[in-house]
Amino acid sequence: MDAPELDQPCRVNGKEWLCGLDAKNALAAQINGRPVDCASQGKDKYRRLLAVCKVDGKDIGKWMVTNGWAVSFGDYAFDEAIARNNRLGIWQGEFERPIDWRRKSDTARSGFSAFGWILEWLES
């Protein structure tokens, strides 16, 4: 899954909103201080950790996609369709896929994402 960057804007009814920040806040609320268990799967080309993370045994990446706060890279295609059809999260308006937005912005060099903050926090 791929979540919007913290400073990535989306548009609803022609108005911009920081959907990346809202995605981070939704994720933090979902975790709600509970322990997060992550299984590392290596790093991406920006040297960000890739992992499957769970809270109470539930995949929070799947939760992010199902609730419209991230897009699928294939693993969660059905969940993305649910969010898109119900116009949840970023699907309530217009947005660029995070990978495309990163290509156009300085964020591609920094490699910091809304989901990545959890993994960086766990590393420290």
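Worth saying up front: this structure is predicted, and the values here are computed from it rather than measured.

A. Highlighting the overall build of the protein. Counting its regular elements, the protein contains six helices and five strands. Sequence-ordered secondary structure for the protein, helices as α and strands as β, is β-β-α-β-β-β-α-α-α-α-α. A burial count over the protein gives 41% of its 124 residues as buried. Residue pairs in contact within the protein that sit at least 24 positions apart in sequence constitute 51% of those at least 6 positions apart. Summed over its atoms, the accessible surface of the protein is roughly 7,100 Å², and 49% of this surface lies on carbon and sulfur atoms.

B. Region of the structure containing the pairing of strand E4 (residues 49–55). Where strand E3 (residues 37–43) lies against E4, five bridges are found, and the strand directions are antiparallel. Its bridge partner being in E4, aspartate 37 is matched across the sheet by lysine 54. Two successive antiparallel strands, E3 and E4, enclose a turn made up of five residues, where arginine 47 displays a positive phi of approximately 70°. As paired strands, E4 and strand E5 (residues 58–59) are joined by two bridges and run antiparallel to one another. Each residue of the ladder has a partner; that of valine 55, found in E5, is lysine 58.

What counts and what doesn't
- For every chain, the first residue of the written sequence is number 1, and numbering continues from 1 along that sequence.
- Totals for whole chains, interfaces and linings use every residue, but because this is a predicted model, local features are given only for residues with pLDDT of at least 70 and side-chain atom pairs only at 80 or more, for both listing and counting.
- Hydrogen atoms and water are omitted, and side-chain values are computed over all heavy atoms in the structure.
- Only runs of H or I of at least four residues qualify as helices and only runs of E of at least two qualify as strands under DSSP, and these elements are numbered from the N terminus.
- With a 1.4 Å probe rolled over the protein chains alone, any residue whose accessible area is under 20% of its type maximum counts as buried; one over 50% counts as exposed, and the rest are partly exposed.
- Contacts are residue-level and defined by heavy atoms, with any inter-residue pair within 4.5 Å sufficient.
- Only the protein chains shown count as cover for residues, and all accessible areas are computed by the Shrake-Rupley method using a 1.4 Å probe.
- By the convention used here, strands pair only if DSSP detects at least 2 bridges between them.

From the geometry alone we can't say anything about function, so treat these as descriptive.
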